[in-house]
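Summary of structural features
Here is what each chain is made of, one letter per residue.
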Amino acid sequence: MSFLVEENPAARRFEILVDDALAGFAAYEPRGELLVFTHTEVDDRFQHMGVGAALIRGTLDQIRERGGRVVSRCSFMAAFIERHPEYADLVVPDA
């Protein structure tokens with residue numbers, strides 16, 4: 001099984017493809033240099049396979065590469081970051 005995480009700016013989300021099939025997304029609202037993440041969703045067919053974690057990890061890695069920061073209003077992303085403190089430096093508290 002192969003995972004590919006790509007940003008879809010037109011839809012304001014990062015998407016994960018599993019073997020070329022859209023398996024989920026993390027939606028955001030741009031706020032200047034910040035991306036405010038509001039919702040993460042994984043298709044039922046891909047639940048309990050690590051797809052959500054791969055999506056968030058790939059999203060945060062790409063944001064880090066370009067020097068961005070995030071606000072996590074999405075409970076799934078917030079929980080992931082809490083379990084993976086190596087991403088905590090990317091988080092800006094929600095104002």
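This report concerns the structure included in the present document. (Residues numbered from 1 in each chain as written. Predicted model: local features only at pLDDT ≥ 70, side-chain atom pairs only at ≥ 80, totals over all residues. Heavy atoms only, no water.)

Topic: the overall build of the protein
A count of helices and strands for the protein gives two helices and five strands. For the protein, the C-alpha radius of gyration of 12 Å lies close to 12 Å, the compact-globule estimate for 95 residues. Here the protein holds 95 residues, and the buried ones make up 41% of them. Sequence-distant contacts, at least 24 apart, represent 40% of the contacts inside the protein between residues at least 6 apart. Taken as a whole, the protein presents about 5,400 Å² of accessible surface, with 50% of it coming from carbon and sulfur. Computed over 10 positive and 16 negative side-chain charges, the separation of the two mean positions in the protein equals 5 Å. (Helix = DSSP H or I, 4+ residues; strand = E, 2+ residues; numbered from the N terminus. Rg over C-alpha atoms; globule rule 2.2 N^0.38 Å. Buried < 20%, exposed > 50% of the residue type's maximum accessible area, 1.4 Å probe, protein only. Contact = heavy atoms within 4.5 Å. Areas by Shrake-Rupley, 256 points an atom, 1.4 Å probe, with all protein chains shown as cover. Lys, Arg positive; Asp, Glu negative; His and termini not counted. Charge placed at Lys NZ, Arg CZ, Asp CG, Glu CD.)

A few points about the pattern of salt bridges
The final tally for this structure, using the stated rule, is five salt bridges. One salt bridge in this structure joins aspartate 89 and arginine 64, with 2.4 Å as the shortest N-O distance. One end of the pair, aspartate 89, is in the segment after α2 (75-83); the other, arginine 64, is in helix α1 (residues 51-65), and 25 residues separate them in sequence. Given the relative accessible area of 46%, aspartate 89 is considered partly exposed. (Salt bridge = Lys/Arg side-chain N within 4 Å of Asp/Glu carboxyl O.)

A few points about the packing of α1 against α2
For the pair α1 and α2, the least separation of the axes is 10 Å and the interaxial angle reads 75°. Accordingly, the angle class assigned to the pair α1 and α2 is roughly perpendicular. Residues Gly52, Ala53, Ile56, Arg57, Thr59 and Leu60 of α1 lie in contact with α2, whose contacting residues are Phe76, Met77, Phe80 and Ile81. (Axes fitted to C-alpha atoms, helices over the stretch in contact; angles between N-to-C directions. Parallel < 35°, antiparallel > 145°, perpendicular 65-115°, else oblique.)

Considerations on the sheet that holds strand β2 (residues 13-18)
The five strands are arranged β1-β2-β3-β4-β5 in an open sheet whose pairing can be described as mixed. Both edges of this open sheet fall to β1 (3-8) and β5 (69-72), since each of them pairs with a single strand only. Averaged over all neighbouring strand pairs, the angle between strand axes comes to 30°, with direction disregarded. The pairing of β2 with strand β3 (residues 21-31) spans six bridges and is antiparallel. (Pairing = 2+ DSSP bridges.)

A short note on a nonpolar patch on the surface
Residues Met1, Phe3 and Met49 make up a contiguous nonpolar surface patch of about 300 Å² in total accessible area. Take methionine 49: it is sitting in the loop between β4 (34-42) and α1. (Patch = residues over 30% accessible without salt bridge, like charges linked within 9 Å, V, L, I, M, F, W, Y side chains within 5 Å.)

Topic: the nonpolar core
Of all hydrophobic cores here, the largest spans 24 residues; its most connected members are Phe14, Ile16, Phe37, Val51, Leu60 and Met77. Among the secondary structure elements, those contributing two or more residues to this core are β2, β3, β4, α1 and α2. Top contributing element to this core by residue count: α1, with six residues. (Core = buried A, V, L, I, M, F, W, Y, C linked by side-chain atoms within 4.5 Å.)

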